[in-house]
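Breakdown of the fold
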Amino acid sequence: VQMPVLGFLQVFSDGAASQFKQKYNVVNLTFFQDMYGLDVSWHFFASGHGKGACDGIGATIKRSVWQRVKSGRFMVSDAASFYACATSWDHATKVFLVTSHEIHKNDEILHARWNTVVSIPGTQTFHSFAPKAPYVIGCKMYSNDSRTENLHSFRAQNLSNGPEMQCPPTVAAVSPPLCFGEIRK
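In what follows, the accompanying structure is described. Worth saying up front: this structure is predicted, and the values here are computed from it rather than measured. (Residues numbered from 1 in each chain as written. Predicted model: local features only at pLDDT ≥ 70, side-chain atom pairs only at ≥ 80, totals over all residues. Heavy atoms only, no water.)

Attention now moves to the pairing of strand β4 (residues 136-140). With five of its five residues buried, β4 lies for the most part within the structure. As judged from the five bridges shared by strand β3 (residues 128-133) and β4, these two strands associate in the antiparallel manner. Looking across to β4, one finds that Ala-133 is bridged to Val-136. The antiparallel pairing of β3 with β4 creates a hairpin that spans two residues between the two strands, and Tyr-135 there sits at a positive phi of about 70 degrees. (Buried < 20%, exposed > 50% of the residue type's maximum accessible area, 1.4 Å probe, protein only. Helix = DSSP H or I, 4+ residues; strand = E, 2+ residues; numbered from the N terminus. Pairing = 2+ DSSP bridges.)

In structure tokens:
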């Protein structure tokens, strides 16, 4: 989806580690600027706290589809039939169908990207992530915390392109890239 007037995207979601708050989704954030020209940050509510507008919109669409299924007008057995039902009436919400083909057409790129990533130590203690460069993410305990930010490299390899310096997984990255070691409280 192209949105030429959008320059910064702030994502808010719950902190479900199995769904959202894991290294694969977070490392993808570090490529948003290069891929879409878009600055992005992702903020997580404590699990079970905070429902956003998207929760209500999703619930409204699902309830409307369920009502049509119960009335016998539709039979929903997969994503395509859900999409057909969800787009069968006028509403302000734009519904997209993402096919298996669309999901899998980037498998090669994603597997190459994910193959070498290392986990963020203490992932569950952070509630805010903002990319600094490809494979480098800023992690904060709180979204509005301006005092501390841990920088994490998803690659335990050399960030400076020199043969001798090996960086630990959690590093400070500057331009030109240098390795300063861990930044911890």
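Let us look at the packing of aromatic side chains. In this structure the tally under the stated criterion is six aromatic pairs. Aromatic pair Phe-31 and Tyr-135: ring centres 5.0 Å apart, planes at 90 degrees, arrangement edge-to-face. Here Phe-31 is found in the loop between α1 (23-29) and α2 (32-36), whereas its partner Tyr-135 is found in the loop between β3 and β4, with 104 residues between them in sequence. Tyr-135 carries the same exposure label as Phe-31, and that label is buried. Seen from their ring centres, Phe-32 and Tyr-36 are 5.2 Å apart, and the 65 degrees between their planes marks the pair as edge-to-face. Taken together, the positions of Phe-32 and Tyr-36, both in helix α2 and four residues apart, correspond to about one turn of that helix. Residue Tyr-36 is classed as exposed on the basis of its relative accessible area of 52%. Members of the aromatic cluster, each reached through a chain of ring pairs, are Trp-42, Phe-44, Phe-126 and Phe-129. Note that Lys-94 overlies the ring of Phe-96, its terminal NZ or CZ placed 5.7 Å from the centroid. In this structure, Arg-113 is placed above the aromatic ring of Phe-31, and the distance from its NZ or CZ to the ring centre is 3.8 Å. (Phe/Tyr/Trp six-rings, centres within 6.5 Å; stacked < 30°, edge-to-face > 60°. Lys NZ or Arg CZ within 6 Å of the ring centre and 35° of its normal.)

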